[in-house]
Amino acid sequence: MNILICEDNVLLALDLEYQVGLLGHTVLGRYTTSTAALDRARQAAPDVALVDLTLADGRTGPRLIAELRGMGIPSIVISGELRHHTEPLEALCTLEKPVSDMELRTALARVAN
Amino acid sequence: MTIGQTETDQGLDNRVHQLLNRTIAFAALLTPDGRVRDVSDSALQAAGITLADVAGRPFWDGYWFSYDTRLQDRIRASIEAAARGETSRFDYAARIVGDGRLIVDFQMAPIHDDRGRVVELLASGFDVTEREESKKRVEAALREASHRIKNLFATVRAMARLTRQFSRPEQALDDFVGRLEALATAHRVLGAADRLGWARFDELAREVLKPYLSGMENRITIVSGDRGLFRDQAKLLGLCLHELVTNSLKHGALSPAGGRIEVGLTDPSADGRATFHWTETRVTPAPAAAPDTRRQGYGLHFLRSTLGGIFQAEVAIDIPPGGLSLSVTGMPAGLFERSETAESAP
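All values derive from a computational prediction rather than experimental measurement.

Hey, could you run me through empty space enclosed by the protein in this one?
Over the atoms a probe the size of a water molecule is rolled, and this reveals where empty space is left. All names here are of chain B. A full pass over the atoms with the stated rule returns three cavities of 30 Å³ or more. The calculated volume of the largest cavity comes to roughly 170 Å³. The wall of the largest cavity is formed by 17 residues, among which F26, A43, F59, W64 and Y92 lie closest to the centre. Residue assignment for the lining of the largest cavity shows that the elements contributing at least two residues are β1 (26–30), α2 (41–47), β3 (88–96), β4 (100–112) and β5 (118–127).

Which parts of the structure should I look at to understand unusual backbone geometry?
Backbone geometry follows two general trends: most residues other than glycine have a negative phi, and most peptide bonds adopt the trans configuration. Of note, the amide linkage connecting A:K97 to A:P98 takes the cis form, showing an omega dihedral of -10 degrees. Looking at where A:P98 falls in the secondary structure, it is placed in the loop between β5 (93–96) and α4 (101–112). The phi dihedral of B:D99 falls on the positive side, at around 60 degrees, and the residue is not glycine. Along the chain, B:D99 falls in the loop between β3 and β4.

Can you help me understand the pattern of salt bridges in this one?
It is possible for side chains bearing opposite charge to pair when their charged atoms get close. Residues and elements named next belong to chain B. Going through the model one piece at a time under the given rule, you end up with 25 salt bridges over all chains. Note that D99 and R101 form a salt bridge whose closest N and O atoms lie 3.1 Å from each other. The class for R101 is partly exposed, based on a relative accessible area of 34%. For the salt bridge of D202 with R200, the shortest nitrogen-to-oxygen distance reads 3.1 Å. The exposure class assigned to R200 is partly exposed, which follows from its relative accessible area of 27%. Where salt bridges share partners, they join D91, R131, E132 and K135 into one cluster.

I'm lost on the environment of B:P321 in this one. Help?
Residues and elements named next belong to chain B. The topology assignment puts P321 in the loop between β11 (316–318) and β12 (325–330). Here P321 falls in the exposed class, since its relative accessible area comes to 54%. When the C-alpha atoms of P321 and Y92 are compared, they prove to be 74 Å apart, with 229 residues separating the residues in sequence.

Explain the nonpolar core here, please?
As a rule of thumb, nonpolar side chains are buried together in soluble globular proteins. Residue and element names in this part refer to chain B. Ranked by internal contacts, the top residues of the largest apolar core, which has 54 residues, are F276, W278 and L307. It is helix α8 (residues 231–251) that contributes the most residues to this core, eight residues altogether. Leaving out residues up to four positions away in the same chain, F276 has contacts with F201, L237, L241, L244, V263, G264, L265, L307, F311, L326, S327 and V328. Counting 30 residues, the second-largest nonpolar core is a separate cluster that includes A28, F65, F106 and M108.

Would you explain the sheet that holds β5(A) in this entry?
The strands that make up a sheet are held in pairs by hydrogen bonds between backbone atoms, and each pair lies either parallel or antiparallel. Residue and element names in this part refer to chain A. On the basis of which strands lie adjacent, the open sheet formed by five strands has the order β2-β1-β3-β4-β5 and parallel pairing. On the outer flanks of this sheet lie β2 (26–31) and β5, each paired with one strand and no other. This sheet shows a mean twist of 20 degrees between the axes of neighbouring strands, independent of strand direction. In the sheet, strand β1 (residues 2–6) pairs with β2 via five bridges, with the strands oriented parallel. Within β2, the residue paired with N2 across the bridge is T26. Those strands touched by helix α1 (residues 10–22) are β1, β2, β3 (48–51) and β4 (75–79), and its axis lies near 175 degrees from that of β2. Along the sheet, helix α2 (residues 34–44) contacts β1 and β2; its crossing angle with β2, the most-contacted strand, is approximately 150 degrees.

Explanation requested: the side chain of A:Q19 in the structure shown.
Tracing the backbone shows A:Q19 in helix α1. If near-sequence neighbours (up to four positions away) are discounted, A:Q19 is found in contact with A:V99, A:S100, A:D101, A:L104, B:R157 and B:R161.

Hey, could you run me through the interface of chain B and chain A in this one?
Reports often express the size of an interface as the amount of accessible area lost when the parts come together. Contacts between chain B and chain A engage 27 residues on the former and 24 residues on the latter. Around 2200 Å² of area is buried between chain B and chain A when both sides are counted, 58% of it from carbon and sulfur atoms. Three residues, B:H147, B:K150 and B:R161, lead the burial of chain B against chain A; their summed loss comes to 24% of the area buried on that side. For the pair chain B and chain A, the number of links is three salt bridges. Across the salt bridge formed by A:D15 and B:R161, the nearest N and O atoms sit 2.6 Å from each other. Taken together, chain B and chain A are joined by ten residue pairs in polar contact (both at pLDDT 80 or more).

Analysis parameters
- Residues numbered from 1 in each chain as written.
- Chains lettered and ligands numbered in written order.
- Predicted model: local features only at pLDDT ≥ 70, side-chain atom pairs only at ≥ 80, totals over all residues.
- Heavy atoms only, no water.
- 1 Å grid on protein atoms, 1.4 Å probe; cavity = no way out; pocket = protein on both sides within 12 Å on 5 of 7 lines; lining within 4 Å.
- Points joined across faces, edges and corners; volume = space filled by probe spheres on them.
- Helix = DSSP H or I, 4+ residues; strand = E, 2+ residues; numbered from the N terminus.
- Salt bridge = Lys/Arg side-chain N within 4 Å of Asp/Glu carboxyl O.
- Buried < 20%, exposed > 50% of the residue type's maximum accessible area, 1.4 Å probe, protein only.
- Core = buried A, V, L, I, M, F, W, Y, C linked by side-chain atoms within 4.5 Å.
- Contact = heavy atoms within 4.5 Å.
- Pairing = 2+ DSSP bridges.
- Axes fitted to C-alpha atoms, helices over the stretch in contact; angles between N-to-C directions.
- Buried area = accessible area lost by both parts, 1.4 Å probe.
- Polar contact = N/O pair within 3.5 Å; in protein donor to acceptor, adjacent residues only side chain to side chain.

Now the structure itself:
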C-alpha cells in the first residue's frame, strides 16, 4: 500500500517509515503540518494516512482526518493523548503511542481488507 | 426580626446576624424543618437578593439552588439529616448573580439546646472556586505531562530502532547511549525550572556540545538569535547537533587533524523563514578515505530527514575533504516559542 505519514516529531515519523517499510509498504512522504499532508494527499492519492492529532500547525489532526475521509482516504490515528480526546474521530482506528509493530501491522491489515 | 419578639430576642437575633456576617463563610440559620431564619449578608449579596426574598421560606427553594432540582433534593436531604442530629458536608455549585456559579464547600449542621433537641440548623459554606480551578489546572498539566512522557518513550524507541538499523553491531549500544544522553541534555536545558519548555539556541547548543569539546571550546563558534526554541522540535535539533559533533570528532574539524566549526540558527524573519547552518573548516585537507557508508547512513539520513522535517525544506549537505558543511533555510513550524512568551521571559 501507499502510505502518508502526518507526524510533527520527525524522529517518530522516520521510525514509522522504517516500520511501514519492513511491512512491505511504500511511504509517499512524511509531513509535519496538516496543510502539507493534505496537498500531498491530493496529488498522490495514498491508500491510508497515519495521523497524529497534534501537528506542527496545531491540533489539526481531527480536521485532516475528516478532509481525507471526504477524499476516500482512511486514516489510522497514532497519538499519545487518545484518552483525553473526547470529540469523535472519523478514523479507521486509533493507536496509542508508542505503537508496537504488531499493532501497526494489524491496523494496516484492516485497511487492506 | 420577627414581629412580636421581645427586646431580648431582637438583641439576640442581632448578635446572631452579626455572628453570621463575621464568619469568612456564607452562612444561614434555619428552623429544624429548613425554613430560613437568617442569612449572612455575603450569601445575600452573592445572589443579589435580600433577606425578605428568602425569610420564612424553604432554604432549598432559595436562589442559590433553584437552578437544579437534584441539588435542591440534596439540600433538602441534608436538612432532614440535620434535623435528626446528623451533619452533612459536600461541594456544590451555587448560583450567584447573573446566573454565575461558585463552587462551595458546604456543611449543614444541627444546633442543640440543653436537652439535646435540635432547635436550629446552621448551613455554612466556603467559596472554593479558586481551589477547584487550580485543581483543574493541575489535572490538565498532568495530562499534558503524561502525553509528553508517551512521546518521549516513542522517541527513545525510534532512536533505538534507527540506531540498530544503521550502526555497526559492536558500536550500536554506545551510539544509542550517546544519543540518549543528548536527548536528556536537551530535555534538561529546555525544562529548566524558570522556563516553560524553551531555551535559546546558544544555550541548547552549548550544553549538547559541551561533553565533546573539552579543551577544544575555542574551535567552535555558536551564532544564535534571541528567540526561544520550543520543546519537541528543539529536542530534535539538539539530537542533530549531537550527530554533527560526534561526526566531526571522528572525521571532521574536531578530529586530531584540527579545524574550526561555526554553528548557528537565525531568528525567523517576518515571513517566518530561518536558517540553520553547521560549517567545518579544517586546517589541512584530510586525506581521501574510503567512505563509511553505514555511518553516513545514520548520520546523513538522520540529519537530512530531521532537519528537513523541522524546517520543511531541503537540506544542503556538502562533504568536501575539509569537513562537513550543512545548511537549511525554511519555515520551521513549532520550533520557535511564540514571541510574546519569549519577550516576557527573563
